[in-house]
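Chain by chain, the residues run as shown.
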Amino acid sequence: MKRFDNKSVLVTGGNSGIGLATALEFARQGARVIITGRDQATLDQAKAQLGSSAIALRNDAGDIHAAKDLANTLGGLGIKLDAVFINAGVAKLAPVEAVDEALWDQTFNINVKGAYFAIQALIPLLNPGAAIILNGSINARIGMPTSSVYAASKAALISLAKTLSSELIGRGVRVNVVSPGPVATPLYGRLGIPAEQLDEVAAGIQAQIPLKRFGTPDEVASAVVYLSSPEAAFIVGTELIVDGGMSQL
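Residues numbered from 1 in each chain as written. Predicted model: local features only at pLDDT ≥ 70, side-chain atom pairs only at ≥ 80, totals over all residues. Heavy atoms only, no water.

Remarks on the overall build of the protein chain
Counting its regular elements, the protein chain contains 8 helices and 7 strands. For 249 residues, the compact-globule estimate of 2.2 N^0.38 gives 18 Å, and the C-alpha radius of gyration of the protein chain, at 17 Å, lies within 12% of that figure. Along the three orthogonal principal directions, the C-alpha set of the protein chain runs to about 50 × 35 × 35 Å. The buried share of the protein chain, reckoned over its 249 residues, is 49%. (Helix = DSSP H or I, 4+ residues; strand = E, 2+ residues; numbered from the N terminus. Rg over C-alpha atoms; globule rule 2.2 N^0.38 Å. Buried < 20%, exposed > 50% of the residue type's maximum accessible area, 1.4 Å probe, protein only.)

This is the structure we're talking about:
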């Protein structure tokens, strides 16, 4: 019997990168997987990989009303959740003097406000013993230039893992956060860095990683699935760093 047989799992932003890798691993472990995303084409492609029992829903992670709509849709289908991976996010890098209100608002609307109100809306659908995993980042800890807004948004999620843990533990719900280091995902193409500079930036980042390579989405997925599993039942309010030693050594 697989660890997630007869269980339902939601992965926001599950149509690419870490989200898709995590959704696929949950499916391999027997879970019925629900994914969300904004792009219908990649949602359709992801659903095809996940199998006929998967559900793919178009949803804007930065919209409070969309969070309520998502919860209402799942409730209408009679779905109760055993794990939620709040993964949908955006990363835009810019030096502090170039940050404008639009960049700030987009980052915090999706990474923080959207995450918070998605959890709020989903609380009634969580089974006792359910796990919520937030996707943080080591950028909250390493002080990388040009990452001030992104890093601040991820620091907020690390804080939420603790405060929401204390609020939800009485319901039997655990909250933890996984903080990836540099991972090879499509997100790197959306950082706001000119294409001609991406290779140079990537090489500079890789040189700072003790393992001298980027992580893979599957490696982060394994951490998320572990934190969602019965084996992690005594882990609450914790940050699991998956960064090849970049922020630790």
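Focus on the packing of aromatic side chains
Tallied over the full model, the rule gives 3 aromatic pairs. Judged by centre distance (4.4 Å) and plane angle (15°), the ring pair of tryptophan 104 and phenylalanine 108 falls under stacked. With tryptophan 104 and phenylalanine 108 both in helix α4 (residues 101–122) and 4 residues apart, this pair spans about one turn of that helix. Taking 5.3 Å as the distance between ring centres and 75° as the angle between the ring planes, the aromatic pair formed by tyrosine 116 and phenylalanine 117 counts as edge-to-face. On the basis of relative accessible area, tyrosine 116 is assigned to the partly exposed category, the value being 33%. (Phe/Tyr/Trp six-rings, centres within 6.5 Å; stacked < 30°, edge-to-face > 60°.)

A closer look at the pattern of salt bridges
As enumerated under the stated definition, the model contains 4 salt bridges in all. Between arginine 28 and glutamate 25 there is a salt bridge, with the nearest N and O atoms lying 3.1 Å from each other. In this pair, arginine 28 and glutamate 25 are both assigned in helix α1 (residues 17–28), 3 residues apart and thus about one turn of the helix distant. By relative accessible area, arginine 28 is classed as partly exposed at 47%. The exposure class of glutamate 25 is buried, given its relative accessible area of 17%. The residue arginine 141 makes a salt bridge to glutamate 239 at a minimum N-O spacing of 2.4 Å. In this pair, arginine 141 is assigned in helix α5 (residues 139–142) and glutamate 239 in strand β7 (residues 239–242), connecting sequence segments 98 residues apart. (Salt bridge = Lys/Arg side-chain N within 4 Å of Asp/Glu carboxyl O.)

Regarding the UniProt feature "domain: Ketoreductase" (unreviewed entry) in the protein chain
Mapped onto this structure's residue numbering, the UniProt feature "domain: Ketoreductase" (unreviewed entry) falls at residues 7–172. End-to-end, the C-alpha atoms of residues 7–172 are 16 Å apart, and along that stretch the chain is 50% helix and 18% strand. (UniProt positions renumbered as here; feature names shortened; annotations may be inferred.)

Points about the sheet that holds β7
Strand order in this open sheet of 7 strands is β3-β2-β1-β4-β5-β6-β7, and the pairing throughout is parallel. Across the chains shown, the open sheet's two edge strands, defined by having one partner strand only, are β3 (55–58) and β7. Here the average twist between neighbouring strands, direction ignored, is 15°. For strand β5 (residues 126–135) and strand β6 (residues 174–180), the ladder comprises 5 bridges, and the chain directions are parallel. (Pairing = 2+ DSSP bridges. Axes fitted to C-alpha atoms, helices over the stretch in contact; angles between N-to-C directions.)

Side note on the packing of α1 against helix α8 (residues 217–228)
Helix-helix packing is characterised by the crossing angle of the two axes and by the distance between the axes. Closest axis-to-axis distance for the α1/α8 pair is 8 Å, and the angle between their directions is 55°. Considered as vectors, α1 and α8 are oriented oblique to each other. Relative to α8, the crossing made by α1 is right-handed. Contact residues: α1 offers Gly17, Ile18, Ala21, Thr22, Glu25 and Phe26, while α8 offers Pro217, Asp218, Val220, Ala221, Val224, Val225 and Ser228. Across the contact of α1 with α8, the residue classes break down as 8 nonpolar, 3 polar and 2 charged. (Parallel < 35°, antiparallel > 145°, perpendicular 65-115°, else oblique. Left-handed = near helix turned anticlockwise from the far one by under 90°. Contact = heavy atoms within 4.5 Å. Nonpolar A, V, L, I, M, F, W, Y, C, P; charged D, E, K, R; others polar.)

Quick notes on the environment of alanine 131
Tracing the chain through its elements places alanine 131 in strand β5. Alanine 131 sits 94 residues away from valine 225 along the chain, and the two C-alpha atoms are 9.9 Å apart. Among all residues touching alanine 131, those that are not within four sequence positions of it are Asp82, Ala83, Val84, Arg174, Leu227 and Ser228.

Re the pairing of strand β2 (residues 32–37)
Of all 6 residues in β2, 5 are buried, a share of seventy percent or more. Bridging between strand β1 (residues 8–11) and β2 involves 4 bridges; their strand directions are parallel. Looking at β2, one finds that serine 8 is bridged to arginine 32. In this view, the connection linking β1 to its parallel neighbour β2 by way of α1 has right-handed handedness. Sheet topology places β2 next to β3; 4 bridges connect them, and they run parallel. Note on β3: the bridge partner recorded for glycine 37 is arginine 58. (Right-handed = clockwise from strand over helix to strand, strands pointing away.)

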